[in-house]
Amino acid sequence: MATTTVTDASDLGSKISDAAPGDTILLSGNFGDVRLNGLNPEKTISIAAAAPGAAHFERLVLGGCSNLSFSGINFWPLSDVPPSKKNEYLVLAYPECTNIELVKSVFRGRPDSDNHATWDIGAWNRAKIGAVFLRGNNCVIRDCAAIGVQFGFSVAGANSEIFGNRIFGFSSDGIRVTNDNCVVIGNRVTDAMQVDGNHSDGFQSFKIKALLNGMVVKDNVFLEWTVRRDNPLRAKMQGISFHNGPYANIVIRDNFVETTSPNGMNLNNINNVTVIGNRLRNANGRDPKLPWIRMGNCTGQIVVENNQAESFKLQPGVVSRFGQKPEYRSKY
């Protein structure tokens with residue numbers, strides 16, 4: 001196993017192409033906008049920052065690539081994001097890209113995104129770019145951070161994983177999953193901003209014109225707001241959203257949602273669904289009605305147990321076992 005250092009974007013593609021399975025490529029420097037095409041090593045090649053903060057990309061686009069792992073890299077634009085009718089991303093992998101992994105990397109809408117709570121709507125629109133969208137199968141986003149972005153982390157390929165990430169300040173959806181047999185575990189999503197007509201979701205899943213089969217959403221935290229309370233851009237974040245359907249074989253366990261939206265959890269048209277141990281509460285304090293767990297048009301095996309919510313709006317015949325009102329003492 002060899003290690004190669006790359007300091008210029010023009011060399012990156014050739015160094016990956018020359019690497020043997022198991023090799024590591026270390027990056028140091030500013031790489032700008034990078035597009036990699038047709039790189040398919042037999043086994044995973046690791047492409048990592050040579051030291052924390054040593055490598056910066058403005059954007060990365062992957063086409064026809066597989067078996068690439070990117071680790072410890074900083075991603076953000078160095079100038080305003082031009083207005084676009086399509087959603088833009090700091091990292092975009094097209095559907096033919098498989099086994100792509102992003103690990104321990106940082107994604108920002110602009111360099112000063114730590115100050116996003118003070119941005120006005122113009123600043124948010126000039127930084128209107130999502131963190132990551134991996135569209136192929138068997139992709140992983142793990143232990144990353146997205147700060148002051150439009151979308152957080154999205155996958156559209158089957159058998160993909162979003163695990164242990166942090167999203168702090170977003171203006172569309174925090175996490176979005178649109179294919180089968182994916183897992184979303186141990187993520188923390190906070191601070192939804194209202195900068196356009198979009199209705200923010202902490203987590204949203206759907207599959208256009210087809211059944212989405214198989215998903216686990218577990219041990220995640222979705223907090224509508226944690227920063228300055230007088231910010232006029234604060235959104236009413238929907239929590240865990242399976243709005244559309246059809247879905248099948250969905251497990252939602254041990255998540256925490258704090259929101260002022262009615263839809264703490266919305267479940268529609270699911271065949272076989274398990275909802276256990278989730279805690280929902282109002283971000284402004286006790287409320288007799290909101291947020292709720294809502295369920296409709298679900299079939300098959302339905303289990304709703306040991307959840308907390310201000311109210312349960314379940315379809316006829318479904319009983320919430322051991323459901324409780326929220327407790328507001330703990331912080332998450």
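Let me begin by describing the structure that accompanies this report. (Residues numbered from 1 in each chain as written. Predicted model: local features only at pLDDT ≥ 70, side-chain atom pairs only at ≥ 80, totals over all residues. Heavy atoms only, no water.)

This part covers the overall build of the protein chain. On a plain count of helices and strands, the protein chain comes out with two helices and 31 strands. Out of the 332 residues in the protein chain, the part that is buried amounts to 54%. For the protein chain, the proportion of contacts with a sequence separation of at least 24, taken over those separated by at least 6, is 58%. A total accessible area of about 13600 Å² is found for the protein chain, and carbon and sulfur atoms account for 48% of it. The averaged location of the 30 negative side-chain charges in the protein chain is 8 Å from the averaged location of its 34 positive side-chain charges. (Helix = DSSP H or I, 4+ residues; strand = E, 2+ residues; numbered from the N terminus. Buried < 20%, exposed > 50% of the residue type's maximum accessible area, 1.4 Å probe, protein only. Contact = heavy atoms within 4.5 Å. Areas by Shrake-Rupley, 256 points an atom, 1.4 Å probe, with all protein chains shown as cover. Lys, Arg positive; Asp, Glu negative; His and termini not counted. Charge placed at Lys NZ, Arg CZ, Asp CG, Glu CD.)

This part is about the pairing of strand E5 (residues 55-63). Of all nine residues in E5, seven are buried, a share of seventy percent or more. Across two bridges, E5 lies against strand E7 (residues 74-75) in parallel orientation. Of the residues in E7, the one forming a bridge with Phe 57 is Phe 75. In this sheet, strand E8 (residues 89-93) lies alongside E5 in parallel orientation, the contact comprising three bridges. What sits directly across from Leu 62, in E8, is Ala 93. (Pairing = 2+ DSSP bridges.)

All chains considered together, the criterion is met by 16 salt bridges. Its salt-bridge partner being Arg 108, residue Asp 114 comes within 2.9 Å of it at the nearest N-O pair. Look at Arg 108 and you get buried, because its relative accessible area is 13%. Across the pair Lys 207 and Asp 180 runs a salt bridge whose closest N-O atoms are separated by 3.2 Å. (Salt bridge = Lys/Arg side-chain N within 4 Å of Asp/Glu carboxyl O.)

Now for the packing of aromatic side chains. Summed over all chains, the structure comprises ten aromatic pairs. Between Phe 75 and Phe 107, the aromatic rings sit 4.9 Å apart at their centres with planes inclined by 5 degrees, giving stacked as the arrangement. Remark: Phe 107 occurs in strand E10 (residues 106-108) and Phe 75 occurs in strand E7; sequence separation between them is 32 residues. There is no split in this pair, since Phe 75 and Phe 107 are both buried. With centroids separated by 5.1 Å and ring planes inclined at 80 degrees, the aromatic side chains of Phe 242 and Tyr 247 adopt a geometry described as edge-to-face. A relative accessible area of 1% places Tyr 247 in the buried class. Among the aromatic residues, ring-to-ring pairing joins Phe 31, Phe 57, Phe 75, Phe 107 and Phe 153 into one connected group. Positioned over the ring face of Trp 119 is Arg 110, at 4.7 Å from the centre of the ring. (Phe/Tyr/Trp six-rings, centres within 6.5 Å; stacked < 30°, edge-to-face > 60°. Lys NZ or Arg CZ within 6 Å of the ring centre and 35° of its normal.)

In this section: unusual backbone geometry. The step from Gly 245 to Pro 246 runs through a cis peptide bond, and the omega angle for that step is 10 degrees. Relative to the helices and strands, Pro 246 resides in the loop between strand E23 (238-242) and strand E24 (247-253). A cis amide bond links Leu 290 with the next residue in sequence, Pro 291, at an omega value of 0 degrees. Tracing the backbone shows Pro 291 in the loop between strand E28 (279-282) and strand E29 (292-296). Residue Asn 67 is not a glycine yet carries a positive backbone phi of 60 degrees.

With that out of the way, let us pick up the environment of Ser 160. By the secondary structure assignment, Ser 160 is in the loop between strand E14 (153-155) and strand E15 (161-163). Considering only alpha carbons, one finds Ser 160 and Val 183, 23 residues apart in sequence, at a separation of 6.6 Å. Ser 160 has contacts with Gly 136, Asn 137, Asn 138, Cys 139, Val 155, Asn 181, Cys 182 and Val 183, leaving out every residue within four places of it along the chain. Only 3.1 Å separates the side chain of Ser 160 from the backbone nitrogen of Cys 139, close enough to count as a polar contact. (Polar contact = N/O pair within 3.5 Å; in protein donor to acceptor, adjacent residues only side chain to side chain.)

A few words now on the sheet that holds strand E21 (residues 212-218). In space, the twelve strands of this open sheet follow the order E1-E2-E4-E6-E9-E12-E15-E18-E21-E24-E27-E30, with parallel pairing throughout. The open sheet has two edge strands with one neighbour each: strand E1 (3-6) and strand E30 (299-305). Taken pair by pair, the neighbouring strands of this sheet meet at an average axis angle of 10 degrees, ignoring direction. Taken together, the four bridges between strand E2 (residues 24-27) and strand E4 (residues 45-49) define a ladder with parallel strand orientation. In the sheet register, Leu 27 faces E4, and the bridge partner there is Ala 49. (Axes fitted to C-alpha atoms, helices over the stretch in contact; angles between N-to-C directions.)

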